[in-house]
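Chain by chain, the residues run as shown.
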Amino acid sequence: MSYDLAVYLPEALDAEVLSALVDASPGLQLEEIADGSADGPQNWHILRGKKAAYCFTLEGPYLVEPEDVPYEVTAAVLGAGVMYSILVDGTDPGSIPHAVRFTKRLAKEANGAAQDLQTEEVWPKTSNRAAARPERDTMIDIVEVRWYHLMDEVQDDFPQRYLDLARQYLPEALPKRFGSYEPLQGNLARDGDQAFVKFFAEDYSVFTAGSFPTAGASFTGVFGGHVNQDRPIRQGDVQTASLKIHRSALEVPRWREALERFFVAMAIELRSFYATAEVDSGWGWNGRSLWCYASKPSLYYQKEGWGRWLGLSPHPVWMAWFSPLYSDLVRPHFRGAVQEYPQGFLHRFGDEPLGRKEIIERWPDAAQWVPVELTGAVEQPESRFADVMPERLTKMLVAPPPKPGWT
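Below you will find a few notes about this structure. Everything numeric in this text was worked out from a predicted model, so none of it was measured. (Residues numbered from 1 in each chain as written. Predicted model: local features only at pLDDT ≥ 70, side-chain atom pairs only at ≥ 80, totals over all residues. Heavy atoms only, no water.)

### A few points about the pairing of strand S4 (residues 53-63)
Part 1: Inspection of the sheet shows strand S3 (residues 42-48) paired to S4 by seven bridges, in the antiparallel sense. In the sheet register, Leu-47 faces S4, and the bridge partner there is Tyr-54.
Part 2: The hairpin turn running from S3 into S4, its antiparallel successor, is four residues long, and Gly-49 in that turn takes a positive phi close to 80°.
Part 3: Both S4 and strand S5 (residues 82-89) contribute to a ladder of five bridges, which runs antiparallel. Paired with Glu-59 across the bridge in S5 is Ser-85. (Pairing = 2+ DSSP bridges. Helix = DSSP H or I, 4+ residues; strand = E, 2+ residues; numbered from the N terminus.)

In structure tokens form, the structure reads like this:
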């Protein structure tokens, strides 16, 4: 019979640090066991009392991927990358309180989170994922993330998958509230996942309010078996999902890693042919919410609700995702940070978020980041469509319903 606990940390601890933590725990001492290589997971027996009787076993560190970390732990610790296992092996119940106290101490000292594998309880009760907030009543930058995808390639279970991916990679993107207009009426904690899923089946546009440093998400199009399936005015098959996040938080590498994983996971889930993460300046921040002037220049994006594809962004963006629809057209023009996936590739200008002017200052050739014939533009009174685009994006394969007979 055994009692199992786990500790998830952002990074592994030196053996000397672990030894010091054991020594600082009343009544405990370390008996190291020569097991495994010096560079891999280690195995220690922890002894207690004057008789140095066996108390529990400490093993690790084991590398873990975000997919292997329980949702409850991800919600409590930013960037969990390693796990230590603590095992009380035997029938002596007196060892369990010592193991639990040490587990909590290890999590606290290393800025991580611990989990009791019998009860699934997680410590600490409060999250250490807090990001530094900008000063109140200041102008700030955000990063606007947009995923572009095709209606017939989105699975009906996407609304639930969105919740699952947020819990796995970026819990701050979970919708604290949701609806189609302000004030947002839905409440995820109160109403549950099914209410969120059901709302997608009843409305064409869904808006959410997230937790800092995110500032909400929006979804425009047909998701989750929408009961009406479409709007009569639709002109194409392109749909969008978007997310705002404070640029200042992304100065911390672990926040950037969390956003990038969510960005890619969403692109794969939606089968996005194109996705962008772009710095947007000139937002007002009052300490709780964002606002902008009506005259503020907008980022380039497709006309929501109409469904036609204009083309790629005419200016460089910090991060961009391309599926095989675009891969061969744009790949020869990128150098440097290109990360390959079976479903596409990710391109990034620099590690920290950069605006278009900052990108061009560092890489002057990036002003024309992709061939101009692949780009579109939002202009008045007419938008400019790309001269060249994948044939699939020029067709409407999902026919809209008949237009209503208005009189």
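### Description of the nonpolar core
Side chains of a nonpolar character, in soluble globular proteins, are inclined to be buried together.
Part 1: Within the largest apolar cluster, 51 residues are counted, with the highest numbers of intra-cluster contacts made by Trp-147, Tyr-162, Phe-219, Leu-243, Phe-262, Phe-263 and Met-266.
Part 2: Every element with two or more residues in this core is listed here: strand S8 (138-150), helix H4 (158-169), helix H6 (193-200), strand S12 (214-220), strand S13 (238-246), helix H7 (253-270), strand S14 (274-285) and strand S16 (319-322).
Part 3: Examining the composition of this core, we find that 10 residues originate from one element, H7, more than from any other.
Part 4: If sequence neighbours within four positions are ignored, Met-266 has contacts with Trp-147, Phe-158, Tyr-162, Leu-165, Ala-241 and Ser-272. (Core = buried A, V, L, I, M, F, W, Y, C linked by side-chain atoms within 4.5 Å. Buried < 20%, exposed > 50% of the residue type's maximum accessible area, 1.4 Å probe, protein only. Contact = heavy atoms within 4.5 Å.)

### Focus on the pattern of salt bridges
Part 1: Per the stated rule, a full pass over the model turns up 18 salt bridges.
Part 2: Close ionic contact of Arg-392 with Asp-237 constitutes a salt bridge, the shortest N to O distance being 3.6 Å. Taken together, the residues span a long stretch of sequence, with Arg-392 in the segment after helix H9 (356-362) and Asp-237 in the loop between S12 and S13 at a distance of 155 residues. The two residues Arg-392 and Asp-237 agree in class, both being buried.
Part 3: In this structure, the salt-bridge partner of Glu-391 is Lys-395, at a minimum N-O distance of 3.2 Å.
Part 4: Residue Glu-391 is classed as exposed on the basis of its relative accessible area of 53%.
Part 5: Accessibility expressed as a relative area gives 42% for Lys-395, which makes it partly exposed.
Part 6: Ionic contacts of the salt-bridge type, sharing partners, join the residues Asp-141, Arg-247 and Glu-358 into one network. (Salt bridge = Lys/Arg side-chain N within 4 Å of Asp/Glu carboxyl O.)

### Some thoughts on the layout of surface pockets
Part 1: A volume near 390 Å³ is recorded for the second largest pocket.
Part 2: Lining the second largest pocket are 22 residues, with Ala-75, Ser-127, Pro-171, Glu-172 and Ser-211 sitting closest to its centre.
Part 3: Looking at the lining of the second largest pocket residue by residue, the class counts come to 13 nonpolar, four polar and five charged. (1 Å grid on protein atoms, 1.4 Å probe; cavity = no way out; pocket = protein on both sides within 12 Å on 5 of 7 lines; lining within 4 Å. Points joined across faces, edges and corners; volume = space filled by probe spheres on them. Nonpolar A, V, L, I, M, F, W, Y, C, P; charged D, E, K, R; others polar.)

### Concerning the packing of helix H1 (residues 15-23) against helix H3 (residues 95-109)
Part 1: In the contact formed by H1 and H3, the axes pass within 11 Å of each other and the chain directions differ by 135°. The angle between H1 and H3 places the two elements in the oblique class. The way H1 lies across H3 gives a crossing that is right-handed. The residues of H3 that touch H1, namely those facing Leu-18, Leu-21 and Val-22, are Phe-102, Arg-105, Leu-106 and Glu-109.
Part 2: Grouping the amino acids of the contact of H1 with H3 by side-chain chemistry returns five nonpolar, no polar and two charged. (Axes fitted to C-alpha atoms, helices over the stretch in contact; angles between N-to-C directions. Parallel < 35°, antiparallel > 145°, perpendicular 65-115°, else oblique. Left-handed = near helix turned anticlockwise from the far one by under 90°.)

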